[in-house]
Amino acid sequence: MSKITIHSDISNISLVEKLIDDLSQQYAFHSDVYGKLLLAVVEGVNNAIVHGNKMVAEKKVSISYAVESNRILFTISDEGEGFDHTVLPDPTTPENIERTHGRGVFLMKHLADELAFSDKGNEVKLTFKF
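Treat the numbers as computed from the prediction; the structure is a model and nothing was measured.

Here is what the cut-offs are and how they apply
Residues numbered from 1 in each chain as written. Predicted model: local features only at pLDDT ≥ 70, side-chain atom pairs only at ≥ 80, totals over all residues. Heavy atoms only, no water. Helix = DSSP H or I, 4+ residues; strand = E, 2+ residues; numbered from the N terminus. Buried < 20%, exposed > 50% of the residue type's maximum accessible area, 1.4 Å probe, protein only. Contact = heavy atoms within 4.5 Å. Areas by Shrake-Rupley, 256 points an atom, 1.4 Å probe, with all protein chains shown as cover. Lys, Arg positive; Asp, Glu negative; His and termini not counted. Charge placed at Lys NZ, Arg CZ, Asp CG, Glu CD. Phe/Tyr/Trp six-rings, centres within 6.5 Å; stacked < 30°, edge-to-face > 60°. Core = buried A, V, L, I, M, F, W, Y, C linked by side-chain atoms within 4.5 Å.

Caption draft 1: Inspection of the overall build of the protein at higher detail. Within the protein one finds three helices and five strands. Counted from the first residue to the last, the protein has its helices and strands arranged as β-α-α-β-β-α-β-β. Dimensions along the principal axes, computed over C-alpha positions, put the protein at roughly 40 × 35 × 25 Å. When the 130 residues of the protein are sorted by exposure, 38% land in the buried category. Taking the contacts inside the protein whose residues are at least 6 apart along the sequence as the reference set, 62% of them involve residues at least 24 apart. On the protein, roughly 7,600 Å² of surface is accessible, and the fraction owed to carbon and sulfur atoms is 51%. Between the averaged position of the 13 positive side-chain charges in the protein and that of its 19 negative side-chain charges there is a distance of 3 Å.

So this is what it looks like as structure tokens:
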């Protein structure tokens, strides 16, 4: 498994985008896989920076990844307190549809083939099948 670590600064998301671009070129991901990877992993890193580490630049976000024959795995972890991922509001209900926040985990669940949070909630594992 390979790993990069970034400081909690939104501008560092460009490093994650570059990583996914590089992996996509190296492994010739289908455009559907690339699009799902890009959106879900960037959303996960953004959540780690903004919600997990509260944008404290000294705190770090770790992104680990492994490419296997039929899938790619990403693990994103932050240094925050975590959250209860089992009680998130549904962004598709009428009372939430116009809210500008609360869609990240929903998107990640629908883009990744598998999604799992640590018990504490400060680490998420995403699996994408080829």
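Caption draft 2: Representation of the packing of aromatic side chains within the structure. Evaluated as defined, the whole model comprises four aromatic pairs. Seen from their ring centres, Phe83 and Phe117 are 5.4 Å apart, and the 85° between their planes marks the pair as edge-to-face. Of the two residues, Phe83 sits in the loop between β3 (71–78) and α3 (104–111) while Phe117 sits in strand β4 (residues 114–117), which places them 34 residues apart along the sequence. One aromatic cluster is present, formed by Tyr27, Phe29 and Phe130 through successive ring pairs.

Caption draft 3: Here's a closer look at the nonpolar core. Membership of the largest hydrophobic core comes to 29 residues, with the highest contact counts inside it found for Leu37, Val41, Val45, Phe74, Leu126 and Phe128. Those elements that place two or more of their residues in this core are α1 (13–27), α2 (31–52), β2 (60–67), β3, α3 and β5 (123–129). Looking at which element gives the most residues to this core, the answer is α2, with eight residues. Sequence-distant contacts of Leu37, that is, excluding residues within four places in its chain, are made with Ile20, Phe29, Val42, Ile72, Phe74 and Phe128.

Caption draft 4: Examining the environment of Phe130 more closely. Structurally, the position occupied by Phe130 is in the segment after β5. Taking the C-alpha atoms as reference, Phe130 lies 20 Å from Ile63; in sequence the two are 67 residues apart. Not counting residues within four places of it along the chain, the set of residues in contact with Phe130 comprises Phe29, Val33, Val67, Glu68, Ser69, Asn70, Arg71 and Ile72.

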